[in-house]
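The residues making up each chain are set out below.
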Amino acid sequence: MDSHLVNQLFRQLFRHHPACQSQKHLRYLATATAHNGHRVQQNRRRQQRRPYSSQRHGASSPVGDESQWQHRTKILNQDMTEEYKRAPMVTAAELWGRKQRPRRVKMLLRDFIEDSLYNPNYGYFSKQVTIFTPGEPFDFPNLRDETEFQNVLSQRYVDFEDKLDEVAPSDTRQLWYTPTELFRPYYGEAIARYLVANYKLTTYPYHDLIIYEMGAGRGTLMLNILDYIRDMDPDVYARTQYKVIEISDSLAKVQNSTLMRSAAGRGHLNKVEIINQSIFDWSQPVPSPCFFLAFEVFDNFAHDAIRYDLATETPMQAVVLISEFNDFFEFYSPVLDPVAARYFRVREAATGGRYKVPYPTTKLGKWVSSIKPFSSTMSEPEYIPTRLMQFFDVLSKYFPAHRLLTSDFHSLPDAVPGMNAPIVQTRYQRRPVPVTTPLVHQGYFDIMFPTDFRVSELVYQAITGKLSRVMSHEEFMRSWAYLEETETQSGENPLLKWYKNASVMYTV
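Every value quoted in this text rests on a predicted model; they were computed, and no experiment measured them.

Engineer: Can you explain the overall build of the chain? Please cite residues and give values.
Structural biologist: Broken down by element type, the chain carries 20 helices and 15 strands. Within the span of the chain, comprising 508 residues, buried residues form 57% of the whole. Considering only contacts within the chain whose residues lie at least 6 apart along the sequence, 78% involve residues at least 24 apart. For the chain, the accessible area works out to roughly 21,600 Å², and carbon and sulfur atoms hold 52% of it.

Right, dumping it as structure tokens:
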């Protein structure tokens, strides 16, 4: 759906209308997005991604902050150069304690994204997250085929949200699922087998099995791993420590509730520590050998946007101006900040200069680009994973003996224009609404990037000095899952067929 139309509708929804008017606008938006919702459902089997949502309907929001929102689009052509010069430069860290979204400031795009997703007062993951859980594990051997699995999943999804609506009705609830929840407990047990096997091959019995998990969602993976180790290898369980690093206050509470919900979960309490902070604020050295888990975490790390001068190939870094009316404007500066400049140096050294760029590099390609009608003097944006590089720095500095295990998407459908570009989506009346820019109202949209594992693996190796391997989600599950547990009567196996666009990287 066109971003400009979505934003116009958002502005109407955020105004203080009578109830009947608000419902009319919501119905209009739901009808306008119905076609997109159908298309996304068709794609989900082949390329997995999260469903998305927006602000809870009826949530309080100051009229001064919401009513004038409209992000920059190509339709707007206002000259904001003077306001850009006057606006102070801020960072996401400086906005951390703010309760209102900033105005009359400028910031790097990565800070804008970080603030949009993680600000504790209005960020997406701080305020908007609801993670689906299907209830009882699916009995795959008694399902006819993958189609029946999808039908049962769809019904449970509806039932789950219906129950939420009974307590607090919402047209704008975000709801998404993870492979941990869909394939519980089999997915977590596969991870546990990997951990126990590699622990025994390396540091057992001289060191404890120390597991760090970043971004643990509902805590389901943690529970499945600990249950498996306790039941299958009591000697290893006796030496197991599980530490969750969670930036979201609300999710940290959910993870603690997951442990307390059952007697089996409460039995793990002396094994678990939930650390409610950002990994980027970590300052305590961990010299002991440990495993570091990061599942579907890289996709929400903030990126910088870079466009290149097509004549000189000079990189220019995106800066976002937020006007006093809460409009968003993009500017590009030829002066790179130290983090982006370092990423280019590390990438160049790690890859030997062999990586894709968003502009033609041959004489013929440059000539063809120059004669295109209405051609720009700048390339399409390239989104570079500067925050991911900083995460590798944290691992290298504070977890020198770590072994990383991570899984994430190497490609995503319906991304915004650009190289390594994100999906930017929200959700209305249970239908996804994609837009075409990351410059969106902070906290109401998921901004989700693919990971270029070829380059990211080389950057990881260059920063940490460790060796690693990348394989597909299916290859990893064939190695560590008990496939008969997720195979349907037709022989189809959703654990293998779903998440075809995901890869796994681990330290060797």
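Engineer: Which residues make up the sheet that holds strand S13 (residues 446-448), and what values go with them?
Structural biologist: By way of backbone hydrogen bonds, the strands of a sheet pair with one another, either parallel or antiparallel. The strand order across the open sheet formed by three strands is S12-S11-S13, and the pairing between neighbours is antiparallel. Strands at the two margins of the open sheet, each flanked by one partner only, are strand S12 (431-435) and S13. Taking each pair of neighbouring strands and ignoring which way they run, the sheet shows an average axis angle of 35°. Where strand S11 (residues 423-428) lies against S12, five bridges are found, and the strand directions are antiparallel. By the bridge assignment, Thr426 is partnered in S12 with Val433.

Engineer: I'd like a rundown of the packing of helix H15 (residues 338-351) against helix H18 (residues 453-464), residues and numbers included.
Structural biologist: Between H15 and H18, the least distance of the axes is 9 Å, while the angle of their chain directions is 95°. The pairing of H15 with H18 is recorded here as roughly perpendicular in orientation. Here H15 contributes Arg342, Tyr343, Val346, Arg347, Ala350 and Thr351 to the contact with H18, which in turn contributes Val455, Leu458, Val459, Ala462 and Ile463. In terms of residue class, the contact of H15 with H18 is built from eight nonpolar, one polar and two charged.

Engineer: Kindly report on the pattern of salt bridges, identifying the contributing residues and their values.
Structural biologist: One pass over the structure, following the stated rule, counts 24 salt bridges. In this structure, the salt-bridge partner of Arg427 is Glu161, at a minimum N-O distance of 2.9 Å. Of the two residues, Arg427 sits in strand S11 while Glu161 sits in helix H8 (residues 146-167), which places them 266 residues apart along the sequence. There is no split in this pair, since Arg427 and Glu161 are both buried. Asp393 is paired through a salt bridge with Arg342; the nearest N and O atoms lie 2.7 Å apart. Pair noted here: Asp393 is in helix H17 (residues 386-398) and Arg342 is in helix H15, with a separation of 51 residues, a long-range link. With a relative accessible area of 22%, Asp393 lands in the partly exposed category. Judged by relative accessible area, which is 28%, Arg342 ranks as partly exposed. The network of salt bridges with common partners includes Glu161, Asp162, Asp165, Arg173, Arg427 and Arg430.

What counts and what doesn't
- Residues numbered from 1 in each chain as written.
- Predicted model: local features only at pLDDT ≥ 70, side-chain atom pairs only at ≥ 80, totals over all residues.
- Heavy atoms only, no water.
- Helix = DSSP H or I, 4+ residues; strand = E, 2+ residues; numbered from the N terminus.
- Buried < 20%, exposed > 50% of the residue type's maximum accessible area, 1.4 Å probe, protein only.
- Contact = heavy atoms within 4.5 Å.
- Areas by Shrake-Rupley, 256 points an atom, 1.4 Å probe, with all protein chains shown as cover.
- Pairing = 2+ DSSP bridges.
- Axes fitted to C-alpha atoms, helices over the stretch in contact; angles between N-to-C directions.
- Parallel < 35°, antiparallel > 145°, perpendicular 65-115°, else oblique.
- Nonpolar A, V, L, I, M, F, W, Y, C, P; charged D, E, K, R; others polar.
- Salt bridge = Lys/Arg side-chain N within 4 Å of Asp/Glu carboxyl O.

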